[in-house]
Amino acid sequence: MMRHAPATERNREPLLAVLKEVLPASGVLLEVASGTGQHAAFFARAFPGLSWQPTDGDPGSLESIDAWRVEEGTPNLLPARVLDASSDAWPVEHADAMLCVNMIHIAPWAACQGLMRGAGRVLRPGGRLVLYGPYFVEGVVPAPSNVAFDESLKARDAAWGVRELGAVTAEALRHGLARERVVEMPSNNLTVVFAR
């Protein structure tokens, strides 16, 4: 049942370096779209003071997340819960921080809108939402690999695609989230931090 994504192994250390700078030492972290569960297992171990709540909307991913949880035995990694980011029915009422890795480009725009709406609702004041993935940035020539990736995503599903950072930021602002920092990451990805 344990799924494995090679990209997770490649990006987890650079992402961890940013998370160490922006996440609180304690509280509840809500991870949206936890996928295989590899990140949840790795990051929960790195942040023992955080109760790490993984979620996903895919039943197979939920099984994989829980298989990783059992395998790692990390006490602060909670059982996976169902969450459809585009829905208003979320499994937690409050979180001190949120993390969402590689979701908004492989989901309809409604998922990004729901993510921001939910973050504005459940994040405590001062809480941060951390996003990771590829983005197009206004005024910056996009990397050819991101252009090709965008085309391949849209070929799979017309509602998918690499998002404009400005559009994501505007959606965040509508729900009381201000963009705090943007960090360039390997493979033409960005980590984007929003604060409520």
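These figures come from a predicted structure and were not determined experimentally. Numbers given for residues are sequential positions, taken from 1 along each chain in its written order. Where local features are concerned, this predicted model is filtered to residues with pLDDT of at least 70; where side-chain atom pairs are given and counted, the filter is 80 or more; whole-chain, interface and lining totals use all residues. Calculation of side-chain values draws on the structure's entire complement of heavy atoms; hydrogens and water are dropped beforehand.

J.: For this particular structure, what's the right way to read the overall build of the protein?
T.: By definition, any uninterrupted DSSP run of H or I lasting at least four residues is a helix, any uninterrupted run of E lasting at least two residues is a strand, and each is numbered from the N terminus. Tallying secondary structure elements over the protein gives six helices and nine strands in all. Taking 2.2 N^0.38 as the reference for a compact globule, 196 residues should give roughly 16 Å; the C-alpha atoms of the protein span a radius of gyration of 16 Å, in line with that estimate. Classification of the 196 residues of the protein by burial places 49% in the buried group. Restricting the contact set of the protein to residue pairs at least 6 apart, pairs at least 24 apart contribute 73%. Methods summary: accessible areas were calculated by the Shrake-Rupley approach with a probe of 1.4 Å, and residue burial reflects only the protein chains presented. About 8900 Å² of surface is accessible on the protein, with carbon and sulfur atoms providing 54% of the total. Taking the 18 positively charged and 22 negatively charged side chains of the protein as two groups, their mean positions are separated by 4 Å. The globule rule used here is 2.2 Å times the number of residues to the 0.38 power, and the radius of gyration it is set against is calculated over C-alpha atoms. Relative accessible area decides the class of each residue, using a 1.4 Å probe on protein chains only: under 20% of the type maximum gives buried, over 50% gives exposed, and in between gives partly exposed. Residue contacts follow a heavy-atom distance rule, with two residues in contact if any of their heavy atoms lie within 4.5 Å. Note on charges: Lys and Arg go in the positive column, Asp and Glu in the negative column, and His and the chain ends are not counted at all. To locate a charge, the coordinates of NZ of Lys, CZ of Arg, CG of Asp or CD of Glu are taken.

J.: Can you walk me through the sheet that holds strand E5 (residues 123–133) in this structure?
T.: What links the strands of a sheet is backbone hydrogen bonding, and the strands pair in either a parallel or an antiparallel sense. Two strands pair if DSSP finds at least two bridges between them. Here seven strands make up an open sheet; going across it, the order is E3-E2-E1-E4-E5-E9-E8 and the pairing mixed. Looking at the sheet topology across the chains shown, the edges are occupied by strand E3 (81–82) and strand E8 (178–185). Pairing of strand E1 (residues 27–32) with strand E4 (residues 95–101) involves four bridges; the strand directions are parallel. By the bridge assignment, valine 32 is partnered in E4 with cysteine 100. Angular values range over 0 to 180 degrees, each being the angle between N-to-C directions of two axes fitted as lines to C-alpha atoms, with helices fitted over their stretch in contact. Relative to the sheet, helix H2 (residues 38–46) contacts E1, strand E2 (50–56) and E4, its axis offset from that of E2 by approximately 175°. In the packing of helix H6 (residues 165–174) onto the sheet, contacts are made with E5, E8 and strand E9 (189–195), and the angle to E9 comes to roughly 15°.

J.: Is there a simple way to think about the packing of helix H1 (residues 6–22) against H2 in this case?
T.: Each pair of packed helices can be summarised by the angle the axes make with each other and by the distance between the axes. Here H1 crosses H2 at 35°, and the two axes come no closer than 11 Å. For the element pair H1 and H2, the recorded crossing hand is right-handed. For the pair H1 and H2, the contacting residues are Thr8, Glu9, Asn11, Arg12, Glu13, Leu15, Leu16 and Leu19 in the first and Gln38, His39, Phe42, Phe43 and Ala46 in the second. Basically, the charged four are Asp, Glu, Lys and Arg, the nonpolar ten are Ala, Val, Leu, Ile, Met, Phe, Trp, Tyr, Cys and Pro, and anything else, Gly included, counts as polar. When the residues that make up the contact of H1 with H2 are grouped by side-chain class, the tally is six nonpolar, four polar and three charged. Left-handed describes a crossing whose near helix is turned anticlockwise from the far helix by less than a right angle; the clockwise case is right-handed.

J.: Can you walk me through the pattern of salt bridges in this structure?
T.: A pair can form between side chains of opposite charge whenever their charged atoms are brought close. Salt bridge, as used here: a side-chain nitrogen of Lys or Arg that lies within 4 Å of a carboxyl oxygen of Asp or Glu. According to the stated counting rule, one finds eleven salt bridges in the structure shown. Across the pair arginine 124 and aspartate 96 runs a salt bridge whose closest N-O atoms are separated by 3.2 Å. One end of the pair, arginine 124, is in strand E5; the other, aspartate 96, is in strand E4, and 28 residues separate them in sequence. The exposure class of arginine 124 is partly exposed, given its relative accessible area of 39%. By relative accessible area, aspartate 96 is classed as partly exposed at 23%. Salt-bridge contacts for arginine 128 lead to glutamate 180; the nearest nitrogen and oxygen are separated by 2.5 Å. Highlighted residues: arginine 128 in strand E5 and glutamate 180 in strand E8, separated in sequence by 52 residues.

J.: So what exactly am I meant to see when it comes to the pairing of E8 here?
T.: The two faces of the sheet receive side chains in turn, since in a regular strand these alternate between them. As defined by bridge partners, E8 adjoins E9 across seven bridges and the pair is classed as antiparallel. Looking across to E9, one finds that methionine 185 is bridged to asparagine 189. A loop of three residues connects E8 with E9, the two strands running antiparallel in sequence, and serine 187 in this loop sits at a positive phi of about 60°.

J.: I keep staring at the side chain of asparagine 76 and nothing clicks. Help me out?
T.: With respect to the helices and strands, asparagine 76 occurs in the loop between helix H3 (59–72) and E3. On the accessibility criterion, asparagine 76 (11% relative accessible area) is buried. Here the side chain of asparagine 76 touches leucine 50 through a polar contact of 2.7 Å, landing on its backbone oxygen. What asparagine 76 contacts, discounting residues up to four positions off in sequence, is Ala44, Phe47, Pro48, Leu50, Ser51 and Trp52. Polar contact is defined as a pair of N or O atoms within 3.5 Å, subject to the rule that within protein one atom must be able to donate a hydrogen and the other to accept it, and that residues adjacent in sequence are counted only when both atoms are side-chain atoms.

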